[in-house]
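Geometric and topological summary
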Amino acid sequence: MVNKKTSATKNIEKPVATNKKKESNIKLNPFLIVGMGASAGGLEAFKEFFSAAPKQMGMAFVIVQHLDPTHKSLMVHLLESHTDMTVTEVKDHTQVLPDHVYVIPPNKDMAIFKGILHLMEPSAARGFRKPIDFFFKSLAEDQQEKAIGIILSGTGTEGTLGLKDIKGQGGLTIVQDPVTAKYDGMPRSAISAGVEDFVLEVTKIPEALLKYSKNRTFKAGAKSTIAITSNELLEKIFILIRNETGCNFGDYKNSTVIRRIEKRMALNQIDKLDCYLKYLQKNKEEIKKLFDELLIGVTSFFRDTEAYNTVESKIIPQIIKTKADGETIRIWVAGCSTGEEAYSLAILFDEAIKKQSKALKLQIFASDLDERAINFARQGIYPETIFTDVTPERLRRYFQSEANTYRINKEIRDKVIFSEHNLIKDPPFSKQDMVSCRNLLIYLNIEAQKKVFAIFHYALNPEGILFLGSSESLGEYADLYDVIDRKLKLFKHKKVNKSKMPDIGYLFREPTNFKNTAITSAPKREQYSNLSKITEQLLLDNYAPASAIINLKGEAVYFSGNTGKYLQPSPGEARLNIVDMAREGLKNDLRTIISKIRKSSTVEIRRNINVKTNGSYQIIDLCLRPLKDFMPEEDYYMVTFEDRETPAVSNTTTQISHPDDTSELQALEQELIATKEYLRSTIEQLEISNEELKSSNEEMQSSNEELQSTNEELETSKEELQSVNEEIVTVNTELQGKIDELAQAYDDMNNLLASTEIGTIFLDANLHIKRFTPPMSKIINLIRTDIGRPIQDLSSNLIYEGIVADATKVLAKLTPFQAAVKSNDGTWYQMQIMPYRTSTNVIEGVVITFVDITEEKSLAIELSEVKESYEQLLELTQTTVCSQDKDLVYTSMLHKGTDFSSALMIGKKDQDFFSKEDALKLTSIKSKVLKTGKAYRDIISLTLKGVTRLYDLTVRPIIVDDIITGIACTNTDITELSQIENNTSN
């Protein structure tokens, strides 16, 4: 078997691209390629996976794990014993084959292109490399729906973005169940991002792969099983999705929809479309899963660097240049997915705005059909792996680093409004300076694309910018836009004839709810009282004539006095427009002054106006004055009707008689001038009204969308607040647990100090008592109320008065102090004074301990007495006891005589003290004992300091664990005893 693997390895290492036969077989029989990513704990997961996997799975496995770049990997050898598949370490330009396992080598990045693995030198520094995301991204682009991504045990968030790319291309994604993972960081990150198709235990993943591959075939040139099926089944599936979600996927390209449906069929082990349709009818949850599968979510920060560089250098300065100080830049990001593109544009515009002097605002509307993606984007939290797309400076400025994630700063977050929005069905945002829609149109059919381009043309301001994806084009709507950069898909809004304007009326067929218009037509109830007070004051100042207060549209909102003489309700539907209510003779003048005051905002007066009232005529003065001085925030005006004293006359007489006796011709001329002036102002007002109505209609549509987005934002904020509240409750619970633990630790410490029976007292820096243990009460007269008192104020039972001075020295020098002290009752204590150090290494006093050493003291006295008796015995018997090691070096000596001195002999040998002959004699005797292990005793003569004396020498071996480690010698001086014996014998 080893030979077989070795042979296979050699074949793989060669550039297989030259092997025409093998290449042909691979093209004819495409297979699934499984990318497996793991970090900490990954080895155990790989072993479990391959132990459960059969030999013939018909797919290839590529393992990418975080490896130490400075050490050779043993992964191949460790996995070989757990699988019958061929396991090899990847070398550059390796052709991927089914039923093979490929392991990434250390200190390399790996990518796949046309089924061939390529190795590259890492571009990022150690600790910042993301080899899993790097490979998964290339796998998704190269294999598309034939790609499978698996994330196993590991810390951090790597792999999440890679799985997102694979899922976006229609591939399968699997995540290890975090409960079974040794380290659950990577699995939980992928699950929280919603990029997984399955969450499984490692041992169950091989079975899921087999079932999936069984229902997915990739024969070259073969038509999809769905493509040759009746389109009616597809339409019925679209109906089910539309009924459940409100979205019509009939606008999507059939090829896109078919690939996604085939994947869901394979996951559910269904091989026929009509069976899948029945499954959908019975299982609404599957409809939701298919809906999520059909939504395209492939995006990243600053995707397509060249395009974003052009936007930054050319487009943004152009937009800013057209804006006046205080204006708002409006951008619409359609199909924003999880928000990366919207935030990318927000960052670029924010950087540009801060570099110039105008105070510009930025508002970005980001919309998408996917509710889950919108919720993710609103959170603004992304995996740490985004640093591969975002520069370190921008990460530092616009993101907050959290646990393995980055959160977008509030400054940028507040500039973006996220909204769930159907691009084709819902009314668009309007008056946009830029519309960005990248990599969405390629999934729509031709008819849907026409609608979208018409919508974008309506949404853009004149000269507004359209930013498309690299694979998208304008098609037959190219005449609506000027080309800025065809390669980078940047276009500019172009004015065209109304006949060429695309029709988007279908977007506005549904009735629009104008609930807010009623609110703006009249003041709020609480304003009426204020208006009443203002009106009363003004009327008092002007002899209280009849009056009315109107708004900018001429609608009456308040009446005062007898206005019935001048105003009456018009027949038909009830209206409060003051011109419509004016009596005969008053309408023209009233229209004229209302038109004038809108332009000048000054007091307007018309005198000597004939008003028909109650069958006769009344001459009045008409006055219209703005109320800006009283209500600056509102546009209200006061109309006053003041009667002239001239009595009313008949109509004929009035027309030719005026107070200044003017002729009838002059009166007619005056009326004609007033009529012309009124007509001119009416025409101007009509034109302005038409423009305002058109603008108001557009603003109303936009406002409705914005209000809807704001409402969703408020709901999200509510959820966030609820989440924060839950977090606070959790933190509070944790703190309560910590308090309980601290109380337990406090009790344990008190019991520990009490059980040791060691007297301990804690003093602060001023030698005031902080705490003490019960045994201290026997040494110093302490009670609980003494805490906080100076130590010197308390009486002590010690026959020792230097405790305060010693504690002061320890505080000054930070050197521990020890002393044996005695109490009045005869008890001895070992007193130790040490500095009290906090966790931050700050000295905050001293700790004094008293250990009862009475028994040890008594024992020491007894030992001293025994030693003295023993030494006296040795002195009386003239005996010296010593020991030597195996090298005959003296290690100890006990004596009382003057012949031998321990201070001189320890560490030395016999030849250092005795003559050469005596030294050789002693060495021979002692060496024999060391060699034989038998004791020796004899009388020998030794010369020391010129004097020869006789000694009774005994030498015994020292045996430890059956090993001779040295000798013990006893020398007894018998010179005088021998002389006495000799004298006695003589």
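Residues numbered from 1 in each chain as written. Predicted model: local features only at pLDDT ≥ 70, side-chain atom pairs only at ≥ 80, totals over all residues. Heavy atoms only, no water.

As a further point, take the nonpolar core. Of all hydrophobic cores here, the largest spans 51 residues; its most connected members are Ile237, Phe249, Ile261, Trp332, Phe456 and Leu466. Those elements that provide at least two residues to this core are helix H9 (231–245), helix H10 (254–267), helix H11 (273–282), helix H12 (284–294), strand S11 (328–334), strand S17 (432–437), helix H18 (446–459) and strand S18 (460–468). Not counting chain neighbours up to four residues away, the residues in contact with Phe249 comprise Phe238, Ile241, Val257, Phe291, Leu294, Leu295 and Leu369. Counting residues in each nonpolar core, the second largest holds 45 residues, with Tyr308, Ile316, Ile408 and Ile465 among its members. (Core = buried A, V, L, I, M, F, W, Y, C linked by side-chain atoms within 4.5 Å. Buried < 20%, exposed > 50% of the residue type's maximum accessible area, 1.4 Å probe, protein only. Helix = DSSP H or I, 4+ residues; strand = E, 2+ residues; numbered from the N terminus. Contact = heavy atoms within 4.5 Å.)

In this section: unusual backbone geometry. With a phi angle near 55 degrees, Asn608 is a residue other than glycine that sits in the positive phi range. Relative to the helices and strands, Asn608 resides in strand S23 (residues 604–613). Looking at Asn608, the relative accessible area reads 32%, which means it is partly exposed. One non-glycine residue with positive phi stands out, namely Asp961, at about 50 degrees. What makes Asp961 exposed here is its relative accessible area of 70%.

This part is about the sheet that holds strand S21 (residues 546–551). As summarised here, the arrangement of the five strands in space is S22-S21-S25-S24-S23, forming an open sheet in which the pairing is antiparallel. In the strand order of this sheet, the two ends are held by strand S22 (556–560) and S23, each with one partner. Within the sheet, the average angular offset between the axes of one strand and its neighbour, ignoring direction, is 25 degrees. With six bridges joining them, S21 and strand S25 (residues 636–643) adopt antiparallel strand pairing. (Pairing = 2+ DSSP bridges. Axes fitted to C-alpha atoms, helices over the stretch in contact; angles between N-to-C directions.)

When you line up the elements, Leu480 lands in the loop between S18 and strand S19 (481–485). Note on Leu480: relative accessible area 1%, which makes it buried. Distance in space between the C-alpha atoms of Leu480 and Ala454 is 8.8 Å, their sequence separation being 26 residues.

For Thr338, the position within the fold is in the loop between S11 and helix H14 (340–354). Residue classification places Thr338 among the buried positions, given a relative accessible area of 9%.

Before going further, it helps to spend a moment on the packing of H11 against H12. Helix-helix packing: each pair is described by the crossing angle between the helix axes and the interaxial distance. Direction vectors running N to C along H11 and H12 enclose 115 degrees, while the axes themselves pass 5 Å from each other. Considered as vectors, H11 and H12 are oriented roughly perpendicular to each other. Together, Tyr276, Tyr279, Leu280 and Lys282 of H11 and Lys284, Glu286, Ile287 and Leu290 of H12 make up the contact between the two elements. Residue classes in the contact of H11 with H12 are distributed as five nonpolar, no polar and three charged. (Parallel < 35°, antiparallel > 145°, perpendicular 65-115°, else oblique. Nonpolar A, V, L, I, M, F, W, Y, C, P; charged D, E, K, R; others polar.)

Turning our attention to the pairing of S17. Counting buried residues along S17, six of its six residues qualify, which places the element largely inside the surrounding structure. Alignment of S11 against S17, held across three bridges, turns out to be parallel. The residue of S17 that forms the bridge with Val333 is Ser436. Relative to S18, S17 runs parallel, the two sharing five bridges. Its bridge partner lying in S18, Ser436 is registered against Phe467. Crossover handedness for the path S17 to H18 to S18: right-handed. (Right-handed = clockwise from strand over helix to strand, strands pointing away.)

We now examine the pattern of salt bridges. What the rule picks out here adds up to 26 salt bridges. For Glu312, the salt bridge goes to Arg394, with nearest N and O atoms at 3.4 Å. Of the two residues, Glu312 is situated in helix H13 (residues 305–321) and Arg394 in helix H16 (residues 392–398); the sequence distance between them amounts to 82 residues. Since its relative accessible area comes to 29%, Glu312 is described here as partly exposed. (Salt bridge = Lys/Arg side-chain N within 4 Å of Asp/Glu carboxyl O.)

Once that is clear, we can look at helix H26 (residues 803–813). Of the positions making up H26, those classed as buried are Ile803, Asp806, Ala807 and Val810. On an axial view of H26, the arc spanned by its buried residues comes to 100 degrees, and they lie on one face. The outward face of H26, more than 90 degrees from its buried face, is lined by the exposed residues Lys809, Ala812 and Lys813. Packed against the buried residues of H26 are strand S28 (817–822), strand S29 (828–837) and strand S30 (843–852). At the C-terminal side of H26, Leu814 shows a positive phi close to 60 degrees. (Arc of directions from axis to C-beta.)

If you walk through the whole model with that rule in mind, you get 18 aromatic pairs. Pairing Phe302 with Tyr308 gives two aromatic rings, centres 5.7 Å apart and planes at 75 degrees, and the pair type is edge-to-face. Like Phe302, the residue Tyr308 is buried in the burial classification. Seen in terms of ring centroids, Tyr343 and Phe418 are 5.5 Å apart; in terms of plane orientation they differ by 65 degrees. Their pairing is edge-to-face. Of this pair, Tyr343 sits in helix H14 while Phe418 sits in strand S16 (residues 416–420); the two residues are 75 residues apart in sequence, bridging distant segments of the chain. For the residue pair Tyr343 and Phe418, the accessibility class agrees, reading buried in each case. Taken together, the ring pairs connect Phe301, Tyr343, Phe376, Tyr382, Phe399, Tyr406 and Phe418 into an aromatic cluster. Taking NZ or CZ as reference, Lys770 lies 4.2 Å from the ring centre of Tyr836, over its face. The residue whose ring lies beneath Arg784 is Phe772, and the NZ or CZ to ring-centre distance is 5.3 Å. (Phe/Tyr/Trp six-rings, centres within 6.5 Å; stacked < 30°, edge-to-face > 60°. Lys NZ or Arg CZ within 6 Å of the ring centre and 35° of its normal.)

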